[in-house]
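Chain by chain, the residues run as shown.
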Amino acid sequence: MNNMNNENRIITALATPYGRSAVAVIRVSGKGCIELVEKLTERKLEIGRIKVNTFLGDNFKENLMTAAFKAPKSYSGEDTVELYPHGNTTICDGIIRTLLSNGASLAERGEFTKRAFLNGKIDLMQCEALADIIDAQTIEQLNYGNKRFDGGFKSLSEAEYFLSNALSAIEALLHYGDELEGNERDGKLEEEVKNDIKNVIKSLESEISGYNGGKIINEGFKVALLGAPNVGKSTLLNALTQSERAIVTSIAGTTRDTVDGTYVYEGKKFVITDTAGLNDKTDDPVEKIGIERSLKAAADADAILYLTEKEKNHKIPKTLENSKIKIITVKNKCDDETDIGKEYKKAENGNILEISAEKKINITALKQKLYEICPKEVGSISNHRQYECVKKCLDSLYSAEKEFENAESLEIVAALLYEAYGAIAELHGEKADEKIISAVFERFCVGK
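Predicted, not measured: the structure shown is a model, and the values here were computed from it. (Residues numbered from 1 in each chain as written. Predicted model: local features only at pLDDT ≥ 70, side-chain atom pairs only at ≥ 80, totals over all residues. Heavy atoms only, no water.)

## As for the overall build of the protein
The following threshold applies: Helical segments are the DSSP runs of H or I of at least four residues, strand segments are the runs of E of at least two, and each set is numbered from the N terminus. Just to be clear, the radius of gyration here is over C-alpha atoms, and the globule rule we use is 2.2 Å times residues to the power 0.38. When a residue's accessible area, from a 1.4 Å probe over protein chains only, is under 20% of the maximum for its type it is buried; when over 50% it is exposed; and in between it is partly exposed. Contacts between residues were defined by any pair of non-hydrogen atoms, one from each residue, lying within 4.5 Å. The protein chains shown are the only cover counted for residues, whose accessible areas, like all others here, come from Shrake-Rupley with a 1.4 Å probe. Lys and Arg are tallied as positive, Asp and Glu as negative. Neither His nor the chain termini are counted. The atoms used to mark charge sites are NZ of Lys, CZ of Arg, CG of Asp and CD of Glu.
Secondary structure summary: the protein contains 14 helices and 13 strands in total. Here the C-alpha atoms of the protein give a radius of gyration of 29 Å, more than 25% beyond the 22 Å that 2.2 N^0.38 yields for 448 residues. Each principal axis of the C-alpha distribution contributes one length, and for the protein these read about 85 × 80 × 40 Å. By the burial criterion, 48% of the 448 residues in the protein qualify as buried. Contacts in the protein between residues at least 24 apart in sequence constitute 63% of all its contacts with a sequence separation of at least 6. Accessible area of the protein: about 22700 Å², with a carbon and sulfur share of 48%. Charged side chains in the protein number 60 positive and 72 negative. The centres of these two groups are separated by 7 Å.

## Topic: the packing of helix H8 (residues 233-241) against helix H11 (residues 363-372)
As a reminder of what qualifies: Angles here are taken between N-to-C directions and fall from 0 to 180 degrees, while the axes themselves are lines fitted to C-alpha atoms, restricted in helices to the stretch in contact. With respect to orientation, any angle under 35 degrees is reported as roughly parallel, any angle over 145 as roughly antiparallel, any angle of 65 to 115 as roughly perpendicular, and every other angle as oblique. Polarity classes work like this: nonpolar for Ala, Val, Leu, Ile, Met, Phe, Trp, Tyr, Cys and Pro, charged for Asp, Glu, Lys and Arg, and polar for all others, with Gly in that last group.
As a packed pair, H8 and H11 sit with axes 10 Å apart at the nearest point and diverge in direction by 80 degrees. Classified by the angle their axes make, H8 and H11 are roughly perpendicular. Residues Leu236, Ala239 and Leu240 of H8 pack against Ile363, Leu366 and Lys367 of H11. Within the contact of H8 with H11, the residues separate by chemical class into 5 nonpolar, no polar and 1 charged.

## Details of unusual backbone geometry
Glycine aside, a negative phi is what most residues show, and trans is what most peptide bonds show. Cis peptide bonds are those with omega within 30 degrees of zero, and the linkage from alanine 71 to proline 72 qualifies with 0 degrees. Within the secondary structure layout, proline 72 lies in the loop between strand E4 (61-69) and strand E5 (80-84). Even without a glycine there, the phi angle at asparagine 230 is positive, about 70 degrees. Topologically, asparagine 230 is positioned in the loop between strand E7 (221-227) and H8. Take asparagine 230: its relative accessible area is 31%, and that puts it in the partly exposed class. A positive phi angle is found at lysine 333, which is not glycine, with a value near 65 degrees. Tracing the backbone shows lysine 333 in the loop between strand E11 (326-332) and strand E12 (348-349).

## Let's talk about a nonpolar patch on the surface
Formally: Surface patches are defined over residues having more than 30% relative accessible area and no salt bridge, joining like charges when they lie within 9 Å and nonpolar side chains (Val, Leu, Ile, Met, Phe, Trp, Tyr) when within 5 Å. Between Lys or Arg on one side and Asp or Glu on the other, a salt bridge is scored when a side-chain nitrogen of the former is within 4 Å of a carboxyl oxygen of the latter.
A cluster of nonpolar side chains, namely Ile50, Val52 and Met65, defines an oily patch on the protein surface of about 260 Å² accessible area. Within the fold, valine 52 resides in strand E3 (residues 50-56). Under the relative-accessibility criterion, valine 52 is labelled exposed at 53%.

## Considering the sheet that holds E5
Whenever strands of a sheet pair, they do so through backbone hydrogen bonds, lying parallel or antiparallel. Put simply, the rule reads: Criterion used throughout: strands pair if DSSP finds at least two bridges between them.
Spatially, 6 strands are ordered E3-E4-E5-E2-E1-E6 in an open sheet, and the strand pairing comes out mixed. Here the strands that pair on one side only, and so sit at the sheet edges, are E3 and strand E6 (105-106). Relative to E4, E3 runs antiparallel, the two being bridged by 7 bridges. Along E4, the bridge assignment pairs lysine 51 with threonine 66.

## Some words on the pattern of salt bridges
It is possible for side chains bearing opposite charge to pair when their charged atoms get close. On inspection of all chains with the given rule, the structure shows 25 salt bridges. One salt bridge connects lysine 268 with glutamate 140, and the closest N-O pair in it is separated by 3.1 Å. With lysine 268 in strand E9 (residues 268-274) and glutamate 140 in helix H5 (residues 139-149), this residue pair connects regions lying 128 residues apart in the sequence. Taking relative accessible area as the criterion, lysine 268 reaches 5% and is therefore assigned buried. Because the salt bridges share partners, they merge into one network encompassing Arg9, Glu78, Glu108, Glu111 and Arg115.

## Observations regarding the nonpolar core
For clarity, the cut-off: Nonpolar cores are built from buried Ala, Val, Leu, Ile, Met, Phe, Trp, Tyr and Cys residues. Side-chain atoms within 4.5 Å join them into one set.
With 33 residues, the main nonpolar core has Leu163, Ile170, Val193, Ile197, Leu204, Leu397 and Leu417 as its most contacted residues. Only helix H6 (154-176), helix H7 (187-219), helix H12 (384-405) and helix H13 (410-428) provide two or more residues apiece to this core. For this core, the leading source of residues is H13, giving 9 residues. Apart from residues lying up to four places away in sequence, leucine 163 is in contact with Val200, Leu397, Leu417, Ala420, Tyr421 and Ile424.

## Looking at the sheet that holds strand E8 (residues 259-265)
Read from one edge to the other, the open sheet built from 7 strands follows the order E8-E9-E7-E10-E11-E13-E12, with strand pairing classed as mixed. Strand pairing shows two members of the sheet lacking a second neighbour, E8 and E12, which therefore form its edges. Examined bridge by bridge, strand E10 (residues 303-309) and E11 share 7 bridges and lie parallel to one another. The partner of leucine 305 across the bridge, within E11, is isoleucine 328. The sheet contacts of H8 involve E7, E8, E9 and E10, and relative to E8 the element is tilted by about 35 degrees.

Below, the structure is given as structure tokens:
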């Protein structure tokens, strides 16, 4: 983002998808943008009102609607104009070209939202939630993004409240400590700090517990299909995703690499990975690479579906025995079974779910079982950056708590609390590195 530090320039971009539509939206933002657009329209703009107008292009006219917003009462927090022309690429290109020739600059990715962030309209966590809302593929993802954007999770705000209390109390202890005699300390105030630290830790531990659930909502519940060659993993991928994502043949070892497919069930996104068959007797170097990738996919998954065949050994191989990831054993090619819908327990034989991927028997039951093992606990942190900030804050708080228990220096406790506060500030973007901030806004399109 080469020019994003130049906050004085007027920026413009198409805010709707490029192509043919009934109406498009072109945004213009920055000091002087209202005056700029008024030079190029037949009528004056009215603040806070949508009005019919005519845009005077370099060699054309366009009847459109216009709206103007004065800082700070706009999306970006600065003077903003929105133009609503017909959704025609020639018209939109012409309007933007005219704006550029009259002094505006083309906005960079996420620049309108970055200006909103820099102007204090939203914090960095809200920016990330907004990006997730735009990328949402399911209602669950959309609702989760909106709840985070609106601050609907209380544990983080409670943590910030108690941390602020603890900092105020520790400052009071340090400030008035000189008035106490000898080694005397204010026990009541110290107890208040201890309780506040405990409350912050409790709230943030709740956030950490909900991290995986939130991450899964955004990225999807990842399921790796594992098993011996030719047990029907590729057929099952196609059955689950209702597509022809994987090549299916009767030849063992057809799949040599991982193949991903997705589906949505009960509003939740699932990402299914077909893998090369596990074969510990192979000497084929290509097959060995495929098996390594299979095990890597298993390690990265949220759950493993281990496939066996009817009448064959269903023992989980040693390579998976010590896995900490949930493993569901599925017996495939049970073509004579009766489909029982969602009630997967009726299709289980000794905790082994019996299905037929080819005949689509008990596929819904399998989807239901996968759905029920998905984490239900979620919080406001949903990506690695946020997780690391909360973890850093917790580490400082654990150290501060230990210092108190050992009756050590209050100055050290105060320093650790300020470290914790710094991590929270970084979480919201108040102290975040410029590279991290830029990475957040690279997710947006130019018109956002």
